[in-house]
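# Understanding the architecture of this molecule
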Amino acid sequence: MTDPFPRESRVTPTLHLFTMCAKMSLIPTILVVLFASSVRASVGLTADEPAPPEGHFVLNKKPLIGKPEPCLLLNIAAMFNVGYTKTDNTTAIVSFALPTNSTVSGDCSHLTDERHAHLNLAFGDINDLGLDGTFGLELTFERNVILTHFSLSGATLYYKLVPDMFPGAKDANTTASATISNEQYFYTSSNALSPHSYRCDKPQTLEFTFSHPDRPKSTLTIHSVQVQPFNVPSSGKFSSPETCPDDITTTPGPVPHTTPITPLIPVGHFALNDTKGNACFLLSAGVEFHVEYELKDNTTRNATYVLPRNSTVGGACGDSKATMALSFFKGFNLTVTFKTKGNNSFELVSASVGYVRDPKHFPNATSPGTAVNEVQQESMFQTDLGKSYLCKSLQFFDVGSTVRLMVSELQVQPFAVKSMNFSEASECAQDLPSTMMPIQNATTIPAVNTTTATMAPIGNVTTILPSNDTTVVPIRNATTVEPSNTTSTMVPIENATTIMTTPKPTGPPKEPPQGHFEVKDTKGHVCLLANMSLQFKVNYTKTDKKIHTATFDLPKTAKATGFCTSDNSSLTLNFHDGAFSVTFDFLKDKDVKGKTVGRFNMSTIEISYTELPSIFPGTKSPDRRRHVSNTTMSMFSANGDKSYKCTADVDVTVTKDVSIVVSNVQLQPFGVKSGKFSSAEDCSEDSGTNTVPVIIGVVVAVVVVVVFVAYIVVSKRKAKPQKFTALN
């Protein structure tokens, strides 16, 4: 391969050091020598050269009360490889390490922007290294919409072409910048309940791009990194890390092409053959497992791993029942079973996850080596026979009490497979396209565009070929798949996203029903209680282009999910088979020890809904998925050790087109004891409703008294005897 930067065009370290030393009259000697020793003309390190020093950087945020708290942690050893053009139109590269004493600034995620964090590392200013220019690296971290993963989404290198560092630069003393964007690096699973950091001790190279295409390439070679941009513990220490994959690029070279870390869950393609060797069951999916387990110190942690694409395939196909078992590692497996429903459709009826608490995936587990099997049975993914079920959107499913599956790019066909290709796809509701006119103070999230997918023939797949009366060959420490004539008792699966079915059209009752909802923590204790009646009012456009209002109620049977922490709790209510959901986020002020108890309030509300014709009659956009939110709420406030109660109707405006009437509500998102509400703090609306009748009663009583007194006075005057004067 031709070297893009000829050897004769490179600056030698000796020449660079000599040039730097010639300027000693302008800068302190020791600073020049130190910085010169970190600047090299080569890109990357040879085998006998040491790695760049590792810097430790902390970004703090200052709360309203108390001391600053760490909100972003970064340990990094990195080398910049900056290409530039010389006056003779040749190119050269200057390499220098990221200084460990760089100045830290930036901003962490906050209430108005929970998804982003920014870190700026500045170095090379005139007071520090004695160079006439400013250098720096700005990193942008981003979380997904549901705040379950983070990644490095952007980076900017800014610098000045100082002659001492860039000898013979064509644009000497001009400033320049290079960016990395539209990529995802350091992709890590992390949330408020199970925070993680990202760690990688293998070199990886990120390539910068310039606004001017004629500039030479520049890279950032990261030799080691550990970062946690969200949910940083108050102790200032990293949470347990997720490490980079083993196949990450490890060979730094002269400005190599970037190999970005795949941001999505790896998607596997699996096929099961029947006894004749023909494909009878097709499955494509990316699956990430989150398994809760107990540590030796009686705390809990989540183990995270993905379904390998080379998992061994086993199972059984039948006319009315089909099972696929995917085994991997040692004692790990995922098994799914589908059944036909009548002669027209099929559905998933059960799923099981088997795993072994080995030290690699379950460090510090209380019972290492224990084999565990979780089973969940439910009816979902109902699809017409002869078609495949397709859902590219991210979905979550709970299996048993300890396992949560995160599934993406799912396509499955357990019956009527022809050749090795999926049949026509029946798309899930989440994948339906969604657009919405801009709404003030609202966030619209479009759905992912999808297309019908086909599957190429898969070779070298290990299959188990049973007859109709054969069970799956037992996998060690795994579940044995039941034969096709076995029946199962179905238990509802909680917190799972199911295929949408259209509810029957029903007119809203005069008074919305009051539902009782609760959220439990990881130990199974109730941590959030809510009794409430909700009536939604949503403006929509009919086919006649006129605006109408759909009114519908929250059913008592809505499924409640959420989480609780000491100062942040969330309640999500799903109804109409997942076509509708509403989420309330609550925040609590910190308690002041010995003085006051912090108050809580509802800070955010999000609503997702589908314009079902049964609820939005005559809609111009039937079955269109929409999402709105308001993150500037401050309602339903009470002391943190009490519940909030309000019987009156309270209008909650989410956007100009979406509102909710909340009534008969009692909420307690913090401090729930024994699964019961604490003493209630009544809302001002209820106080008003009690005061008005009293005032009216007093006024009526006063009027009655006045009328009665006037009547008596007039009556006495009429009864008084008259004196007459005799006329002569």
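### Examining the overall build of the chain
When helices and strands are tallied, the chain shows three helices and 39 strands. Considering only contacts in the chain between residues 6 or more positions apart, those separated by 24 or more positions represent 61%.

### Focus: the state of the cysteines
The full count for this structure, using the stated rule, is six disulfides. The residue that forms a disulfide with Cys71 is Cys108, at a sulfur-sulfur distance of 1.9 Å. Between Cys71 and Cys108 the disulfide shows an S-S torsion of about 70°. By sign, it is right-handed. Of the two residues, Cys71 sits in strand β3 (residues 69-85) while Cys108 sits in the loop between β5 (103-107) and β6 (116-123), which places them 37 residues apart along the sequence. Here Cys71 and Cys108 have matching classes, each one buried. At a sulfur-sulfur separation of 2.1 Å, the disulfide partner of Cys391 is Cys428.

### Considerations on the pattern of salt bridges
A complete count under the given rule lists six salt bridges for this structure. Two residues, Lys392 and Glu409, come together in a salt bridge whose shortest N-O distance is 3.3 Å. With a gap of 17 residues between them, Lys392 in the loop between β23 (388-391) and β24 (395-399) and Glu409 in strand β25 (residues 403-413) connect regions that are remote in the sequence. When its relative accessible area of 28% is taken as the criterion, Glu409 is described as partly exposed.

### So, the nonpolar core
Of all hydrophobic cores here, the largest spans 49 residues; its most connected members are Leu74, Phe80, Tyr159, Phe166 and Phe186. Broken down by element, the residue count for this core peaks at eight residues, all from β3. Leave out the neighbours within four places in its chain, and Phe166 touches Val82, Tyr84, Val94, Phe135, Tyr159, Lys160 and Leu161. In this structure, Val519, Leu554, Phe600 and Tyr644 belong to the second largest nonpolar core, which totals 48 residues.

### Things to note about the sheet that holds strand β18 (residues 312-316)
The sheet built from five strands is open, its strands ordered β18-β19-β20-β21-β22 with antiparallel pairing. The open sheet terminates on both sides in strands that have one partner only, identified here as β18 and β22 (371-384). Taking the axes of each pair of neighbouring strands and ignoring which way they run, one obtains an average angle of 15° across the sheet. The pairing of β18 with strand β19 (residues 321-328) spans five bridges and is classified as antiparallel. Bridged to Gly315 within β19 is Met324.

### Here we look at the pairing of strand β37 (residues 650-653)
Only one face of β37 is covered, namely the face carrying Val650 and Val652; the face carrying Asp651 and Thr653 is uncovered. In this structure, β37 lies alongside strand β38 (residues 658-668), joined through four bridges in antiparallel fashion. Counted as the bridge partner of Thr653 is Ser659 from β38. Linkage of β37 to β38, two consecutive antiparallel strands, is achieved through a turn of four residues.

### Quick look at the side chain of Lys588
For Lys588, the location among the structural elements is in strand β32 (residues 580-588). Aside from chain neighbours lying at most four places away, what touches Lys588 is Ser566, Asp567, Gly598, Arg599, Phe600, Gly640 and Phe670.

### Considerations on a nonpolar patch on the surface
On the surface, Val705, Phe708, Val709, Tyr711, Ile712 and Val713 cluster together into a nonpolar patch covering about 580 Å² of accessible area. Here Val705 lies in helix α3 (residues 684-719).

### Quick notes on the environment of Leu410
Along the chain, Leu410 falls in strand β25. Sequence separation between Leu410 and Tyr389 is 21 residues, and the spatial gap between their C-alpha atoms is 7.8 Å. If we skip the residues at most four places from it in the chain, Leu410 touches Leu283, Ser284, Ala285, Phe381, Tyr389, Leu390, Cys391 and Gln395.

### A few points about the environment of Pro99
Following the sequence through the fold, Pro99 ends up in the loop between β4 (91-97) and β5. For Pro99, a relative accessible area of 13% translates into the label buried. Between the alpha carbons of Pro99 and Ala122 there is a distance of 9.1 Å; along the sequence they are 23 residues apart. Not counting chain neighbours up to four residues away, the residues in contact with Pro99 comprise Phe57 and Phe123.

### Points about the confidence of the model for the chain
Scored by pLDDT, the chain has a mean of 76; 72% of the residues are at 70 or more. Of the regions scoring below 50 in pLDDT, residues 126-133 engages in 20 contacts with residues more than four places distant in sequence or in other chains. Counting interchain partners and residues more than four positions distant, the pLDDT-below-50 stretch residues 434-509 has 178 contacts.

### Here's the deal with the environment of Asn373
Relative to the helices and strands, Asn373 is located in strand β22. Judged by relative accessible area, which is 34%, Asn373 ranks as partly exposed. Separated by 18 residues in the primary sequence, Asn373 and Tyr355 have C-alpha atoms spaced 6.5 Å apart.

### Focus on unusual backbone geometry
Even without being a glycine, Asn173 presents a positive backbone phi close to 65°. Along the chain, Asn173 turns up in the loop between β8 (149-160) and β9 (175-180). Residue classification places Asn173 among the partly exposed residues on the basis of a relative accessible area of 40%.

### Description of the packing of aromatic side chains
For the structure shown, the criterion picks out 33 aromatic pairs. Ring centres 5.8 Å apart and planes at 45° place the aromatic pair Phe289 and Phe328 in the tilted group. A residue pair is termed long-range when its members are at least 10 positions apart, and Phe289 in strand β16 (residues 279-294) and Phe328 in strand β19 qualify at 39 residues. Pair check on accessibility: Phe289 and Phe328 agree, each one buried. By way of ring pairs, the aromatic residues Phe536, Tyr540, Phe552, Phe575, Phe580, Tyr609 and Phe616 are connected into one cluster.

### Side note on the pairing of strand β20 (residues 332-341)
Most of β20 sits out of view: seven of its 10 residues are buried. In the sheet, β19 pairs with β20 via eight bridges, with the strands oriented antiparallel. Bridge pairing links Leu326 to Leu334 in β20. In sequence, β19 turns back onto β20 through a hairpin of three residues, with Phe329 there showing a positive phi of about 50°. In the sheet, β20 pairs with strand β21 (residues 345-356) via nine bridges, with the strands oriented antiparallel. Its bridge partner lying in β21, Asn333 is registered against Gly354.

### A look at the side chain of Asp398
Considering the arrangement of structural elements, one finds Asp398 in strand β24. A relative accessible area of 12% means that Asp398 is categorised as buried. A distance of 2.9 Å separates polar atoms of two side chains, one belonging to Asp398 and the other to Arg404.

Parameters and conventions
- Residues numbered from 1 in each chain as written.
- Predicted model: local features only at pLDDT ≥ 70, side-chain atom pairs only at ≥ 80, totals over all residues.
- Heavy atoms only, no water.
- Helix = DSSP H or I, 4+ residues; strand = E, 2+ residues; numbered from the N terminus.
- Contact = heavy atoms within 4.5 Å.
- Disulfide = S-S within 2.5 Å.
- Buried < 20%, exposed > 50% of the residue type's maximum accessible area, 1.4 Å probe, protein only.
- Salt bridge = Lys/Arg side-chain N within 4 Å of Asp/Glu carboxyl O.
- Core = buried A, V, L, I, M, F, W, Y, C linked by side-chain atoms within 4.5 Å.
- Pairing = 2+ DSSP bridges.
- Axes fitted to C-alpha atoms, helices over the stretch in contact; angles between N-to-C directions.
- Patch = residues over 30% accessible without salt bridge, like charges linked within 9 Å, V, L, I, M, F, W, Y side chains within 5 Å.
- Areas by Shrake-Rupley, 256 points an atom, 1.4 Å probe, with all protein chains shown as cover.
- pLDDT = per-residue confidence, 0-100.
- Phe/Tyr/Trp six-rings, centres within 6.5 Å; stacked < 30°, edge-to-face > 60°.
- Polar contact = N/O pair within 3.5 Å; in protein donor to acceptor, adjacent residues only side chain to side chain.

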